Amino acid sequence: MNTAWHNIRWLLRREAMEHRRLIMAPVLLGGVMILLNLLLLVSSLFGHGGRRIHFEFDNGSVLNMLALNLQPLGPGNAADLGPAISLLLLATLLLFALALGAAMVSYALGCLFEERRDRSILFWKSLPVSDGQSVAAKTLIVMIAVPAIYTAAALVTGWICIGIYIVPLLGAGAAARDLIAQTHLLAISGLTVAALPVYLLTLAPAVGWLLLCSATARRHPALMAVIVPAFFAMLGGLGLPNPVWHLLVGPILPTGFTRALSALGAQGGLGPALAAVYRPVTTLDLWLGLLFAAACLIAATMYRHRFTTLV
């Protein structure tokens, strides 16, 4: 069966085998974070006679969860502990978001360029696999597979790290139901999953541009990827219209997710937070960005098909 989807599935398997580090990196990062938190907790408890967790986790005027005496706790402590515990989950999500960005940029810039540099493109062109299918498989990897793996690893790691510190608090009399309710852990996790598709749609122009640079650059795709946005950044500094910079660099910061967290904290409801997450879908900028991304992918496919240049 030589259908397009059949070929893409095999190309996806090939990408997964060739870039195993993309799958192993978030797992290793999560394992290191869990191990470090365990070591910090054990060393602190042993260092203070098993009665005090002494690490600093400052949150302004909020009670410092990691500097709390493990004495019997009252129901009112959950309201103070909640923001500090939720910050631990948000810090984990931020770390994995930075790692995800680095992984996406590295893969997108190298996936098409490396095929020309090691001449493996000649082998793939000898197979009944079209250039469009090859580009589509790489796009699915960088836009769906890698973000899904990193998001799942981030949530699992965050919950385990939170559990490491909640278990001693439960032993000191804290109620698990009160802690989870005050921390909005379920809401934050749900927002993370809900915001991922919208965030990836906003990143599509940047990913498409990186893949185009990977397909066309003769020597240094990263340099090519930076020069054009930098040029338009100079134009923006002069007060001139700057649409390319707005499409490529503006959506990188997850402002929709941060607004959703603010709505969740201010109103305490999941509805307003979800509305903030999905607000970019109703804007013209997102759809213009998707058109730009599609144009970049089409151009990368056409260049790969007509002007294959070995590096």
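Just so it is clear, the structure is predicted and the values come from calculations on it, not from any experiment.

**Q** Sorry if this is basic, but what is going on with the overall build of the protein chain here?
**A** The number of helices and strands found in the protein chain is 12 helices and zero strands. Order of helices (α) and strands (β) in the protein chain, N terminus to C terminus: α-α-α-α-α-α-α-α-α-α-α-α. Counting the 311 residues in the protein chain, one finds 44% classified as buried. The long-range share in the protein chain, meaning contacts at least 24 apart out of those at least 6 apart in sequence, stands at 75%.

**Q** What is the right way to read the confidence of the model for the protein chain from this model?
**A** A low pLDDT means the predicted coordinates there should not be read in detail. In this model, the protein chain carries an average pLDDT of 75, and 67% of its residues clear a pLDDT of 70 or more. Considering only residues more than four positions removed or in separate chains, one finds that residues 50–74, a stretch of pLDDT under 50, has 67 contacts.

**Q** How should the packing of aromatic side chains be read in this particular structure?
**A** To describe a pair of aromatic rings, you give the distance between the ring centres and the angle between the ring planes. Applying the stated criterion across every chain, the model contains zero aromatic pairs. Here the basic side chain of Arg13 rests over the ring of Trp10, its NZ or CZ set 4.6 Å away from the ring centre.

**Q** Please clarify how the environment of Ala137 should be interpreted in this entry.
**A** Residue placement: Ala137 occurs in helix H5 (residues 131–171). Taking the C-alpha atoms as reference points, Ala137 and Leu11, separated by 126 residues in sequence, lie 6.1 Å from one another. Excluding its chain neighbours within four sequence positions, the residues that come into contact with Ala137 are Ile8, Leu11 and Leu12.

**Q** What's the story with a nonpolar patch on the surface in this structure? I'm lost.
**A** Among the surface-exposed residues, Ile23, Met24, Val27 and Leu28 lie close enough to one another that they form a single nonpolar patch of about 360 Å² accessible area. Its place among the elements puts Leu28 in helix H2 (residues 21–47).

**Q** Explanation requested: the side chain of Ser134 in the structure shown.
**A** Along the chain, the position of Ser134 falls in helix H5. Note on Ser134: relative accessible area 6%, which makes it buried. Ignoring any residue separated from it by four or fewer positions in sequence, one finds Ser134 in contact with Leu11, Val129 and Arg304.

**Q** Explain the packing of helix H7 (residues 185–216) against helix H11 (residues 270–278) to me, please; I cannot follow it from the model alone.
**A** At their nearest, the axes of H7 and H11 sit 9 Å apart, and the two run at 20° to each other. The angle between H7 and H11 places the two elements in the roughly parallel class. Here H7 and H11 pass one another in a crossing that is right-handed. Here Ala187, Leu191, Ala194, Ala195 and Val198 of H7 come into contact with H11, specifically with Leu270, Ala273, Leu274, Val277 and Tyr278.

**Q** How do you make sense of helix H1 (residues 4–18) when you look at a structure like this?
**A** Owing to its 3.6 residues per turn, the α-helix aligns residues three or four sequence positions apart on the same side. End to end, H1 covers 21 Å across 15 residues, agreeing with the expected 21 Å (1.5 Å per residue, within 8%). Of all the positions in H1, only His6, Asn7, Ile8, Leu11, Arg14 and Glu15 are classed as buried.

**Q** Any chance you could explain the nonpolar core here in plain terms?
**A** Ranked by size, the top nonpolar core spans 48 residues in total, and within it Met104, Val142, Val146 and Ile162 carry the most contacts. Secondary-structure elements contributing two or more residues to this core are H2, helix H3 (77–117), H5, H7 and helix H12 (284–306). Of all the elements, H5 adds the most residues to this core, at 14 residues. Excluding its chain neighbours within four sequence positions, the residues that come into contact with Val142 are Met104, Tyr107, Ala108, Pro147 and Val207. Leu191, Phe257, Ala273 and Ala276 belong to the second largest nonpolar core, which has seven residues in total.

Cut-off values and rules
- Residues numbered from 1 in each chain as written.
- Predicted model: local features only at pLDDT ≥ 70, side-chain atom pairs only at ≥ 80, totals over all residues.
- Heavy atoms only, no water.
- Helix = DSSP H or I, 4+ residues; strand = E, 2+ residues; numbered from the N terminus.
- Buried < 20%, exposed > 50% of the residue type's maximum accessible area, 1.4 Å probe, protein only.
- Contact = heavy atoms within 4.5 Å.
- pLDDT = per-residue confidence, 0-100.
- Phe/Tyr/Trp six-rings, centres within 6.5 Å; stacked < 30°, edge-to-face > 60°.
- Lys NZ or Arg CZ within 6 Å of the ring centre and 35° of its normal.
- Patch = residues over 30% accessible without salt bridge, like charges linked within 9 Å, V, L, I, M, F, W, Y side chains within 5 Å.
- Areas by Shrake-Rupley, 256 points an atom, 1.4 Å probe, with all protein chains shown as cover.
- Salt bridge = Lys/Arg side-chain N within 4 Å of Asp/Glu carboxyl O.
- Axes fitted to C-alpha atoms, helices over the stretch in contact; angles between N-to-C directions.
- Parallel < 35°, antiparallel > 145°, perpendicular 65-115°, else oblique.
- Left-handed = near helix turned anticlockwise from the far one by under 90°.
- Expected span 1.5 Å × (residues − 1).
- Core = buried A, V, L, I, M, F, W, Y, C linked by side-chain atoms within 4.5 Å.

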